[in-house]
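# Survey of secondary and tertiary structure
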Amino acid sequence: MTRNLPPVAITGLGSVSPYGPLAGIIPPCPLEPSAITAWQTNGLRRAFVVQPFRPASVVPGLKTRRLDRLSAWALVASSLAIKDAGIDLSQVDRSRVAVVFATAYGCVDLTEAFYLSAAANGWNGTDPSTFPETLPSSPASHVSLVQGLRGPNVTVSNKDFAGETALIQAASLLRHGQADLVVVLAGDALAPTLYAWYEVAGLLSPACYNSNPFAESAGFIPGEGVAAVVMESSSRRDLQSGARSGTRVYAQINSGRWAASGQRAEIIRQMLGDSVPSLTICSGNGAPCATSPITALAREVSGDSAAIIASQAFAQGLAGTGALFHLILALSSRPIGGQALFLATAGDNGFAALLMQLP
Amino acid sequence: MPDIDKTIVITGVGVVSPYGIGLECLQAGMLAGKSCLARTKDVYPGFEGTTARVAGLPIGPEDSSSRYSRTDQLAMVATHDAIANSGCDSSAFRESGVVMANTVGGLTEIDTGIAKDPAAWYRRPGGLLRGASYPFAHVADAVGDRFGIGGPRCAVSVACASGAMAIALAANMLLDGDAPIILAGGSDPLCPFTLSGFNSLQALDPDPCSPFDQNRKGLNVGEGSAVLILETLAGATARNANVLAVLRGWAMNNDAFHTTAPEKQGAGLADCICLSMEMAEVSGDEIGYVNAHGTGTPLNDIAEAKAYETAFRGRRHPIPVSSTKSYFGHCLGAAGALEAAITIMATRSGSLLPTLRLTDPIESSGIDWLRGEVKRQPLPLAMSASSGFGGSNTVLIFASGLS
């Protein structure tokens, strides 16, 4: 989005996270990791886990019995975001509503279940109802199916910037007239295979093993959840006229860039043009903001006067799919209005950056 | 004159298929009517069916910090082929983007033992690296890292429409100015996980498949990868690149009907076809050939036939349609990209490929089911249609030259 393209607005937020299922912003309060009880662990193991809940108690009539948890959470989070945006889908041309979903690991619960059925019964004895639900695109498909959304249905990923990629692809669909509304989702679920990988790789924080860890201890606390945002063209007539009751614009995305390498400060400055962000929202995927080069990059491109909102440990725990949570949590801190740079870095050169206007 | 900043062109095509490496190899095999489908027993113990396998895949370089799944390797071979055919070395692609589709990711590297005791499985030699290759984003990174491609990287997974959607999203990204060149395509290998899944759904034809035949029994799974080099006409002209085809139109939508079955009347696909023609500013009469999704499953093929009848209603002549999955099976996340490459090949050579083993086609007055010999005729515009589990559809329209 280096070209001068029309802005898009974020008008609805929804999430399923350790904070529970929520529409709108997440009330700012500290979050502690909790003990994993969903599977048997070898001693205390903690993470930012979503506590079990009945999806139908949040979205009446929702049927999720045979679905992966990720699909169920995507359905709940998208419903909450659509409600928060004040959208009555019966009044919308649903062939013009897209779904863009970002995930790193997809439906790991049912992928594990499929492997277990193969281990027990052989590859010729696997469960036919499970296989389609293992696809990474399954959560997005269920959102389209349940909500009747017939626009583009896209599932994307990126090792470090999956959530940012989804936001940028969603904005692109709107700008090219391929959709009028987009439900953007990002998230992942924890499962034994994923947690064990982090553990064997030695990436976990002492806080995963001990409820009284040393403050500022290094390492990573895995998290899970799905966040959803409703994105629409800023020029939509009902949005401009205020015809939809209670509708607000949480943020407006003006442009975005992401790359795996290159002169990132130069590329971001080029994207900013004459814009001078007064705020940088750092989404330090997997690493605390203060100890990562992201702060230096933020200062380099935005100047010393720009305020910085650091990412929270829970959203870091979602690694590449935490972007939407970073955004929702940053908005929950009621930042001052004006231009904001939403920034994520990875490795030496990789980055994702979005220029936003906050009301 | 076309707007050169908004015209998307193809300046390279790389392919690895059961015919071997390269588009020429694929073209020679398909024009000769050679089927790569064969009875297979060794994908997993107890499996007996028909598949199409890529033989003699050159293995890419690995070191102690990387492991490439077969999905990665297929994608890297196709990308190497695309770059080699573009007439440039990989340094020309430093600022380019990568959009790579797949459905299998690193599942080829994982066995059932992982679910029983994951920690013990990861502690085996190479276990962590095998696990690290699992995410479907790994393929985009494998391609990007191998060829020093530093622009945006995006992985796409929308079941069997993945490869085509990667190309559509890449086109959007070029128009947005995200990168000057984008390498886009798909890759998927044969894998016990997916074969077992389709087998459990009773979706496999044990014999070579017969798409669009009244007696069709199901699909065969194949493997392969195709990667297209996309750029704007302005960019291609500036670097004096050889333009192989023009991507005139693209559209994506969803049936919102069922988890695995297509909408019975093919309404979603029909809408997607109409959207792509609207974007390309062409009428149904101008499309000379449709490379169909044509899996060979009872539900897909009848819905797809109805979609073509609806979308091309009013045409002066029946629309020529074939399924090239009858040659080397359904390559899942790579299928849309491989079929895009075949459609480009068709427009360039003026060759309308028949569906193999199509003896008793689905009855349809609006469709010219291509069978028998290859039909030779000028083909200025052709379409490739893809659909997948979860209802996703993507349609691409290619032109042989600038109009």
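Residues numbered from 1 in each chain as written. Chains lettered and ligands numbered in written order. Predicted model: local features only at pLDDT ≥ 70, side-chain atom pairs only at ≥ 80, totals over all residues.

## Brief notes about the overall build of chain A
If you tally the helices and strands in chain A, you get 11 helices and 13 strands. Scaling as 2.2 N^0.38, a compact globule of 359 residues should have a C-alpha radius of gyration of about 21 Å, and chain A matches this with 20 Å. Projected onto the principal axes, the alpha-carbon positions of chain A cover approximately 60 × 50 × 35 Å. Going through the 359 residues of chain A one by one, you find that 57% of them count as buried. The contacts in chain A between residues at least 6 apart in sequence include a share of 76% that link residues at least 24 apart. (Helix = DSSP H or I, 4+ residues; strand = E, 2+ residues; numbered from the N terminus. Rg over C-alpha atoms; globule rule 2.2 N^0.38 Å. Buried ≥ 20, exposed ≤ 12 C-beta atoms within 10 Å, placed from the backbone. Contact = placed C-beta atoms within 7 Å.)

## Considerations on the overall build of chain B
In terms of regular secondary structure, chain B is built from 13 helices and 17 strands. Radius of gyration (C-alpha) of chain B: 20 Å, near the 22 Å computed for a compact globule of 403 residues. Its C-alpha atoms give chain B principal-axis dimensions of about 65 × 50 × 40 Å. The burial tally for chain B puts 66% of its 403 residues in the buried class. A separation threshold of at least 6 residues defines the contact pool for chain B, and within that pool the share at least 24 residues apart is 81%.

## Details of the sheet that holds strand β4 (residues 49–52) of chain B
All names here are of chain B. Strand order in the open sheet formed by three strands is β3-β4-β8, and the pairing between neighbours is mixed. Each edge of the open sheet carries a strand with a single partner, namely β3 (38–40) and β8 (221–222). Inspection of the sheet shows β3 paired to β4 by three bridges, in the antiparallel sense. Note on β4: the bridge partner recorded for Arg-39 is Thr-50. (Pairing = 2+ DSSP bridges.)

## Examining the interface of chain A and chain B
In this assembly, 57 residues from chain A lie in contact with 56 residues from chain B. If one sorts the elements of the side of chain A that touches chain B by residue count, helix α6 (residues 192–200) of chain A sits on top with six residues. Residue classes in the side of chain A that touches chain B are distributed as 28 nonpolar, 23 polar and six charged. Here strand β6 (residues 153–157) of chain A runs beside strand β6 (residues 153–156) of chain B; their pairing, made up of two bridges, is antiparallel. Residue pairing across strands places A:Ser157 opposite B:Ala155, the latter belonging to β6(B). (Nonpolar A, V, L, I, M, F, W, Y, C, P; charged D, E, K, R; others polar.)

## Points about helix α3 (residues 108–121) of chain A
Given a rise of 1.5 Å per residue, 14 residues ought to cover 20 Å, and the 20 Å separating the end C-alpha atoms of α3(A) matches this to within 8%. Elements in contact with the buried residues of α3(A): α2 (69–84) and α6 of chain A together with α3 (113–116) and α8 (192–200) of chain B. Of the residues flanking the end of α3(A), it is A:Gly122, one or two places downstream, whose phi is positive at about 85°. (Expected span 1.5 Å × (residues − 1).)

## What about the pairing of strand β12 (residues 338–346) of chain A?
Residue and element names in this part refer to chain A. Within β12, seven of the nine residues are buried, which leaves the element mostly enclosed by the surrounding structure. Of the pairings in the sheet, the one linking β12 to strand β13 (residues 350–358) comprises nine bridges and is antiparallel in character. Note that in β13 the partner of Thr-345 across the bridge is Phe-351. Between β12 and β13, which pair antiparallel in sequence order, lie three residues; one of them, Gly-347, sits at a positive phi of approximately 60°.

## As for helix α6 (residues 138–146) of chain B
All names here are of chain B. Of all nine residues in α6, seven are buried; the element is thus mostly enclosed. Among all positions in α6, only His-138, Val-139, Ala-140, Asp-141, Ala-142, Val-143 and Gly-144 are buried. Elements that come into contact with the buried residues of α6 comprise α2 (70–86), β5 (97–101), β6 and β7 (181–188). Just beyond α6, the residue with positive phi is Gly-148, at close to 60°.

## What to know about the packing of α2(B) against α6(B)
Two measures define how a pair of helices packs: the angle their axes make with one another and the distance between the axes. Residues and elements named next belong to chain B. Contact pair α2 / α6: the axes reach a minimum separation of 9 Å and the direction vectors enclose 40°. The angle between α2 and α6 places the two elements in the oblique class. Every pair of crossing elements has a handedness; the one defined by α2 and α6 is right-handed. Note on element contacts: α6 touches α2 through His-138, Val-139, Ala-142, Val-143 and Arg-146, opposite Thr-71, Asp-72, Ala-75, Met-76 and Thr-79. (Axes fitted to C-alpha atoms, helices over the stretch in contact; angles between N-to-C directions. Parallel < 35°, antiparallel > 145°, perpendicular 65-115°, else oblique. Left-handed = near helix turned anticlockwise from the far one by under 90°.)

## Focus: the confidence of the model for chain B
For chain B, mean pLDDT is 95; residues scoring 70 or higher make up 99% of the total. Across the assembled chains, the prediction reports ipTM 0.97 with pTM 0.97. (pLDDT = per-residue confidence, 0-100.)

## Let's talk about the nonpolar core
Counting residues in each nonpolar core, the largest one holds 265 residues, and the members touching the most others are A:Val184, B:Leu228, B:Ala337 and B:Ala341. Beyond its immediate chain neighbours, meaning those up to four positions away, B:Leu228 contacts B:Ile10, B:Gly12, B:Val13, B:Ala82, B:Ile167, B:Ala184, B:Gly185, B:Ala337, B:Ala340 and B:Ala341. (Core = buried A, V, L, I, M, F, W, Y, C linked by C-beta atoms within 7 Å.)

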